[in-house]
Amino acid sequence: MSNSYFSFKQFHIEQDKCAMKVCTDACLFGAFMAQYISSTPVNTIADIGTGTGLLSLMIAQKNNAIIHACEIDEQAALQATQNFSSSPWHQRLTVIKGNVLEVKPATIYDWLVCNPPFYEKSLKSPHSNKNIAMHSGRLRLQDIIPLCNQYLTRQGRFALLLPYQRTTSFIAMAHQNNFYLAYKLDVKPSPKHHFFRSICIFSKTPTPVLLEETITIKELNNAYSAPFTALLKDYYLFL
């Protein structure tokens, strides 16, 4: 049974009302994007399907942008609001409750980040909130491209955490709709495992040099790898 909370060095996540709990790959995504986004001036960020608000909070720790976190599930939206309110960056964080496919954005954004539902045509849970969080019935991967066209500035970028096996097809889909892969980080749980996640960053203009890298979360001795530790040391209590 998952803990009802997860504490980081600078903020705290309550998660008892959310179907999707804090997990390692989501933390890696948040830490990586916080570092990546901080390298360029950014004013506004949209976090689509925020859940507990984890991704927004991790990015807010290292960036001064205004972040709007969208969430369709009422209980998750309430929990994210509570987590934002108790954080040091509450004045820059806002939860927008509703379906992003139906609500026109009040502003346009420099970045859109999303940890989307992973599964299609899979065995579903009897719990409807978990199905929304994990299965792409409400937000499918093919919905994200037009969403980005609507939400992003002309120079805007978007980033997704994807299952590794769905990365190639999504990159092709994005390219067909004039979004170009600028960076890809493939993630392994350990050296003895296959890749299981990819962090993909897209822009509206082709980049001269595509950067493709890999990271392993843990070494064979079960200790966190040096690259993972470098990313998460400002967040995890025990690093």
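Residues numbered from 1 in each chain as written. Predicted model: local features only at pLDDT ≥ 70, side-chain atom pairs only at ≥ 80, totals over all residues. Heavy atoms only, no water.

Draft legend 1. Focus on the pairing of strand 5 (residues 93-97). Bridge count for strand 4 (residues 66-71) against strand 5 is five bridges, and the pairing is parallel. Looking at the pairing, Ile67 lines up with Leu93 of strand 5. As a crossover connection, the stretch from strand 4 through helix 3 (residues 74-85) into strand 5 is right-handed. (Pairing = 2+ DSSP bridges. Helix = DSSP H or I, 4+ residues; strand = E, 2+ residues; numbered from the N terminus. Right-handed = clockwise from strand over helix to strand, strands pointing away.)

Draft legend 2. Focus on the packing of helix 5 (residues 141-151) against helix 6 (residues 164-176). Where helix 5 meets helix 6, the axes come as close as 10 Å, and the angle between the chain directions of the two elements is 35°. As for the relative orientation of helix 5 and helix 6, their crossing is right-handed in sense. Of the residues in helix 6, those in contact with Leu141, Gln142, Ile144 and Ile145 of helix 5 are Arg166, Phe170, Met173 and Ala174. (Axes fitted to C-alpha atoms, helices over the stretch in contact; angles between N-to-C directions. Left-handed = near helix turned anticlockwise from the far one by under 90°. Contact = heavy atoms within 4.5 Å.)

Draft legend 3. Structural context of the packing of aromatic side chains. Within the structure shown, the criterion is met by 20 aromatic pairs. The interplanar angle of 85° and the centroid separation of 5.9 Å between the aromatic rings of Tyr36 and Trp111 together place this pair among those described as edge-to-face. With Tyr36 in helix 1 (residues 24-37) and Trp111 in strand 6 (residues 109-114), the pair connects residues that are 75 residues apart, well separated along the chain. Here a set of aromatic residues connected by ring pairs shows up, and it is made of Phe6, Phe8, Phe11, Trp89, Tyr224, Phe228, Tyr236 and Phe238. Here the guanidinium or amino end of Lys188 rests over the ring plane of Phe195, the centre of that ring lying 5.1 Å away. (Phe/Tyr/Trp six-rings, centres within 6.5 Å; stacked < 30°, edge-to-face > 60°. Lys NZ or Arg CZ within 6 Å of the ring centre and 35° of its normal.)

Draft legend 4. View of helix 1. For helix 1, with 14 residues, the first-to-last C-alpha span of 20 Å sits near the 20 Å given by 1.5 Å per residue. Within helix 1, 11 of the 14 residues are buried, which leaves it mostly tucked inside the rest of the structure. Where helix 1 is concerned, the buried positions are Asp25, Ala26, Cys27, Leu28, Phe29, Gly30, Ala31, Phe32, Met33, Ala34 and Ile37. (Expected span 1.5 Å × (residues − 1). Buried < 20%, exposed > 50% of the residue type's maximum accessible area, 1.4 Å probe, protein only.)

Draft legend 5. The arrangement of the nonpolar core in detail. Counting 46 residues, the largest nonpolar core has Met33 and Leu232 as its most contacted members. Sort the elements by how many residues they give to this core and helix 1 lands first, with nine residues. With residues near it in sequence (within four places) discarded, Met33 still touches Ile59, Trp111, Val113, Ala159, Ile199 and Ile201. Membership of the second largest hydrophobic core comes to 25 residues, among which are Ala46, Tyr109, Leu160 and Ile171. (Core = buried A, V, L, I, M, F, W, Y, C linked by side-chain atoms within 4.5 Å.)

Draft legend 6. How the structure looks around unusual backbone geometry. Of note, Asn178 is a non-glycine position whose phi angle comes to about 65°, a positive value. Positionally, Asn178 belongs in the loop between helix 6 and strand 8 (180-188). The exposure class assigned to Asn178 is partly exposed, which follows from its relative accessible area of 48%. We note that Asn222 has phi near 75°; this positive angle belongs to a residue other than glycine. For Asn222, the position within the fold is in the loop between strand 10 (211-216) and helix 7 (226-232).

Draft legend 7. Looking closely at the environment of Ile171. Position of Ile171 among the secondary structure elements: in helix 6. Along the primary structure Ile171 and Leu181 are separated by 10 residues, whereas in three dimensions their C-alpha atoms are 6.7 Å apart.

Draft legend 8. Fine view of the pattern of salt bridges. This structure, assessed with the given rule, holds seven salt bridges. The partner of Arg140 in a salt bridge is Asp143, and the shortest N-O contact between them spans 3.0 Å. (Salt bridge = Lys/Arg side-chain N within 4 Å of Asp/Glu carboxyl O.)

Draft legend 9. Broad picture of the sheet that holds strand 4. Overall, mixed pairing links the eight strands, which are arranged 5-4-3-6-7-9-8-10 in an open sheet. Unpaired on one side and paired on the other, strand 5 and strand 10 mark the two borders of the sheet. Shown here is a sheet whose adjacent strand axes are inclined to one another by a mean of 15°, direction ignored. Sheet analysis places strand 6 next to strand 7 (residues 152-163), joined by five bridges and oriented parallel. By the bridge assignment, Leu112 is partnered in strand 7 with Phe158. Here helix 1 sits on the sheet in contact with strand 3 (44-48), strand 6, strand 7, strand 8, strand 9 (197-203) and strand 10, set at roughly 30° to strand 9. Most of the contacts of helix 3 go to strand 5, to which it runs at about 170°, and overall it touches strand 4 and strand 5.

Draft legend 10. Here's a closer look at helix 6. Within helix 6, the full set of buried residues consists of Arg166, Thr167, Phe170, Ile171 and Ala174. Contacts from the buried residues of helix 6 go to helix 5, strand 7, strand 8 and strand 9. Phi for Asn178, located one or two positions after helix 6, is positive at around 65°.

On their own, these measurements won't tell you what the molecule is for.
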